[in-house]
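Descriptive analysis of the structure
The residues making up each chain are set out below.
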Amino acid sequence: MSPAQIVTVAGNPRPESRTHSLARVLALELAHVLPDATIAEVDLAALGPRVLDQADPGAAAAVGQVLAADVLIAASPTYKATYSGLLKAFLDRLGTGSLAGKTAVPVLLGGAPNHQLAVDLHFTPLLLELGAAVPVRGLFVLESEVEGFASFAAKWAAANGLALAPR
């Protein structure tokens with residue numbers, strides 16, 4: 001098994017958000033399971049509206065990081081029962097199929113359990129359209145579960161990490 005490059009993309013418009021923290025914790029736990037894995041982070045809050053500018057070097061560099069990933073953790077707060085517009089605008093920079101050969105884990109943070117299906121109904125299909133494999137169900141994390149997420153993430157990574165490993 002070759003070393004995995006894990007890249008997180010946080011689609012919250014606030015820098016260093018809880019969403020970003022969830023993605024970071026999950027990446028760290030996956031790195032314990034995947035031998036010699038490295039981690040890179042893209043916090044879209046730092047780019048803001050620049051994700052819409054095709055000539056912006058920061059946004060282009062972020063796209064490059066995502067395209068270099070073996071494992072992509074895409075995280076967003078739940079807005080209107082789906083992912084954020086900021087994340088969608090960023091992912092629109094990627095061509096259909098451009099994530100082929102990569103695995104992805106969609107993660108949504110939400111305030112109420114009535115949005116938990118959004119991760120599988122809205123977010124996973126977007127990643128599949130971009131060509132990523134999504135071999136395990138996405139994660140929906142309630143705001144009330146954020147404090148205990150590290151423990152959950154460690155168990156989740158141990159159970160699912162090998163399914164995400166590069167081949």
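Located above this text is the structure these notes cover.
Residues numbered from 1 in each chain as written. Predicted model: local features only at pLDDT ≥ 70, side-chain atom pairs only at ≥ 80, totals over all residues. Heavy atoms only, no water.

**Overview of the packing of aromatic side chains**
Within this structure, the stated rule accounts for two aromatic pairs. For the ring pair tyrosine 83 and phenylalanine 123, a centre distance of 5.3 Å and an interplane angle of 45° mean the geometry is tilted. Of this pair, tyrosine 83 sits in the loop between strand E3 (71-77) and helix H3 (85-91) while phenylalanine 123 sits in helix H4 (residues 118-129); the two residues are 40 residues apart in sequence, bridging distant segments of the chain. Across the pair, phenylalanine 123 and tyrosine 83 agree in class, each one buried. (Phe/Tyr/Trp six-rings, centres within 6.5 Å; stacked < 30°, edge-to-face > 60°. Helix = DSSP H or I, 4+ residues; strand = E, 2+ residues; numbered from the N terminus. Buried < 20%, exposed > 50% of the residue type's maximum accessible area, 1.4 Å probe, protein only.)

**Structural notes on the pattern of salt bridges**
Per the counting criterion, the structure on display carries six salt bridges. Here glutamate 143 ties to arginine 18 by a salt bridge, and the two come within 3.7 Å at their closest N and O atoms. In this pair, glutamate 143 sits in the loop between strand E5 (139-142) and helix H5 (149-164) while arginine 18 sits in helix H1 (residues 18-33), placing the two residues 125 residues apart along the sequence. Take glutamate 143: its relative accessible area is 39%, and that puts it in the partly exposed class. Across the pair lysine 88 and aspartate 92 runs a salt bridge whose closest N-O atoms are separated by 2.5 Å. When salt bridges that share partners are traced, they join Glu16, Arg24 and Glu41 into one network. (Salt bridge = Lys/Arg side-chain N within 4 Å of Asp/Glu carboxyl O.)

**With respect to the sheet that holds strand E1 (residues 5-10)**
The five strands lie next to each other as E2-E1-E3-E4-E5, forming an open sheet whose pairing is parallel. One side of each edge strand has no neighbouring strand; the edge strands of this open sheet are strand E2 (38-43) and E5. Mean inter-strand twist for the sheet, computed between neighbouring axes without regard to direction, equals 20°. Where H4 meets the sheet, it contacts E3, strand E4 (103-110) and E5, and its direction lies at approximately 145° from that of E4. (Pairing = 2+ DSSP bridges. Axes fitted to C-alpha atoms, helices over the stretch in contact; angles between N-to-C directions. Contact = heavy atoms within 4.5 Å.)

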